[in-house]
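Below, each chain spelled out in residue letters.
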Amino acid sequence: MTRTPLLRFLLVFLLALTSPALAHPMPSSVILLDVHEGAVGAEMQLPLSELGLALHETLSGDSDTLLAAHENEWRAYLLKHLRPTTPDGEAWTVAVDDLSIGNAEQTASGPYQELNAHLTLTPPAGASSRAFTLNYDAVMHQVVTHSALVSVRQDWAAGVTPEGTPAEVGVIRVNPVDGTVAPLVVNRDGGSLWTGFVGMLRLGVSHIAAGTDHLLFLLTLLLPAPLLAGLNHWGGFAGTRHSLLNILKIITAFTAGHSLTLIVGTLARLDLPAQPIEALIALSILISAVHALRPVFPGREVLVAGFFGLIHGLAFSFTLAELNLNAGQMALSLLGFNLGIEAMQLVVMALTLPWLILLARTPAYPAVRVGGASVAALASLGWLGQRLGLDNPLSTLADGLGVYGSWGIAGLAVVAIMLTFSTARRLRTGTRH
């Protein structure tokens, strides 16, 4: 080791020894990249305590006051310390879109305040947005123990979506040997239309798997589907053919409704407020639950399923509208996302409906119907309150229903099989006597 590198190593080592990092773990910065055609979005999360050390300032207190006092300074600082270039070294354009301060927590460091910055990185004309070199040394140019974790949060062509796990690209940190910060090479070559389509298919599946409210609405509406409607009460089993036909009509109407508004809402990029849409979805579950307890719209379940399908489709469209895709990618995304939704719906229906039809033949079905409808009504009231701004324990419990979905289906199957055999045995015994 020559004399100069040795001195650098000793300097970095001594700085590390005197760093507060030795007293307790300090949070790292996080950089999340959204790779689009023609530009890259970057969300940067910088711990204020670390940023303060780099700027030789104490940064803590009221978020609005801090932002008002330092916003211009921080914008200039980020532009100075984030310099993406093409692989050939040609500089990209960087724009700081907005800044905010939020609360965060990392396992080792505990809770802290952080600066959230959204930036747009634009390559020069003719250059790809999928391959670049990230020159970045914010904070670590002063705090040698600091590091930045870089991940890709969205990359349509590679099948990476914001609802999945970000793909880690690398960690930027100070080299303790020479005290330099090496640039990070980001290369997202290898994506394709097929990979993007499959990614959207998976997104549709996971959206329904995690979207307890959508499935709860449909299952609650199907609870009385195998039954005959009497005057202000549900009657007995309507027969297998009638039940299957009725269920098929309801599912088809719901699918047609949500597919229509998913396409219109996404292509037209309808800028609708999410809160009232989400509140209407909770209301749709409540109305279905009341109908399952006592027929309030007998014979019109198909129309109701289609109407509320329109509302649910608007909520689905919010997911795609946020991806900022070009026309071709959006067309494939609509197809893949919708197929994923339908596939997941069909799987849940296939696992649930046979047991409901079996149970509908037994004397126990009124208890199953009333119990299921009551749970759905309570969950919908919790969600409705939460989505109207009233936090409540019911909504927290309702959010956790999806975790027990597979156990619920398994329990339903066991009960259906046991009661079916029990009912058949009683009937045979009664016939002999």
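The rules behind each value
- Residues numbered from 1 in each chain as written.
- Predicted model: local features only at pLDDT ≥ 70, side-chain atom pairs only at ≥ 80, totals over all residues.
- Heavy atoms only, no water.
- UniProt positions renumbered as here; feature names shortened; annotations may be inferred.
- Helix = DSSP H or I, 4+ residues; strand = E, 2+ residues; numbered from the N terminus.
- Phe/Tyr/Trp six-rings, centres within 6.5 Å; stacked < 30°, edge-to-face > 60°.
- Buried < 20%, exposed > 50% of the residue type's maximum accessible area, 1.4 Å probe, protein only.
- Pairing = 2+ DSSP bridges.
- Axes fitted to C-alpha atoms, helices over the stretch in contact; angles between N-to-C directions.
- Domains from an automatic or database assignment.
- Contact = heavy atoms within 4.5 Å.
- Salt bridge = Lys/Arg side-chain N within 4 Å of Asp/Glu carboxyl O.
- Polar contact = N/O pair within 3.5 Å; in protein donor to acceptor, adjacent residues only side chain to side chain.
- Nonpolar A, V, L, I, M, F, W, Y, C, P; charged D, E, K, R; others polar.

Draft legend 1. Expanded view of the UniProt feature "transmembrane region" (unreviewed entry) in the protein chain. UniProt tags residues 215-235, 247-268, 274-293, 302-321, 341-360, 367-384 and 404-424 as "transmembrane region" (unreviewed entry). Note that residues 302-321 is 100% helix and 0% strand, and that its end C-alpha atoms are spaced 28 Å apart. The span residues 341-360 is 100% helix and 0% strand, and its two end C-alpha atoms sit 27 Å from each other.

Draft legend 2. Quick look at the packing of aromatic side chains. In this structure the tally under the stated criterion is five aromatic pairs. Plain terms: the ring middles of Phe217 and Phe254 are 5.4 Å apart, the flat faces sit at 45° to each other, and that makes the pair tilted. With Phe217 in helix α5 (residues 212-222) and Phe254 in helix α6 (residues 240-267), the pair connects residues that are 37 residues apart, well separated along the chain. Of the two residues, Phe217 and Phe254, neither departs from the other in class, the shared state being buried. Three or more aromatic residues joined by ring pairs form one cluster here, namely Phe217, Phe254, Phe307 and Phe308.

Draft legend 3. The arrangement of the sheet that holds strand β8 (residues 167-173) in detail. The strand order across the open sheet formed by six strands is β4-β5-β2-β1-β7-β8, and the pairing between neighbours is mixed. Only two strands of the sheet have a single neighbouring strand rather than two, namely β4 (93-106) and β8. For this sheet, the mean angle separating the axes of adjacent strands, direction not counted, is 20°. Of the pairings in the sheet, the one linking strand β1 (residues 29-36) to strand β7 (residues 147-155) comprises seven bridges and is parallel in character.

Draft legend 4. Structural view of the domain arrangement of the protein chain. Along its sequence, the protein chain is carved into domain 1 (29-190) and domain 2 (194-430). With 10 residues of domain 1 at the contact, the number on the domain 2 side is 17 residues. Taken together, the links from domain 1 to domain 2 amount to zero salt bridges. Taken together, the connections running from domain 1 to domain 2 amount to four residue pairs in polar contact (both at pLDDT 80 or more). Considered class by class, the residues forming the side of domain 1 that touches domain 2 number four nonpolar, four polar and two charged.

Draft legend 5. How the structure looks around unusual backbone geometry. Notably, His56 is not glycine yet its phi reads approximately 60°, a positive angle. Within the secondary structure layout, His56 lies in the loop between α2 (48-55) and α3 (63-81). Owing to a relative accessible area of 63%, His56 belongs among the exposed residues under this scheme. The phi angle at Val139 is positive, at roughly 70°, despite the residue not being glycine.

Draft legend 6. Fine view of the side chain of Thr255. Topologically, Thr255 is positioned in helix α6. A distance of 2.8 Å separates a polar side-chain atom of Thr255 from the backbone oxygen of Ile251. In terms of polar contacts, Thr255 uses its side chain to reach the side chain of Glu342, at 3.3 Å. Aside from chain neighbours lying at most four places away, what touches Thr255 is Glu342 and Gln345.

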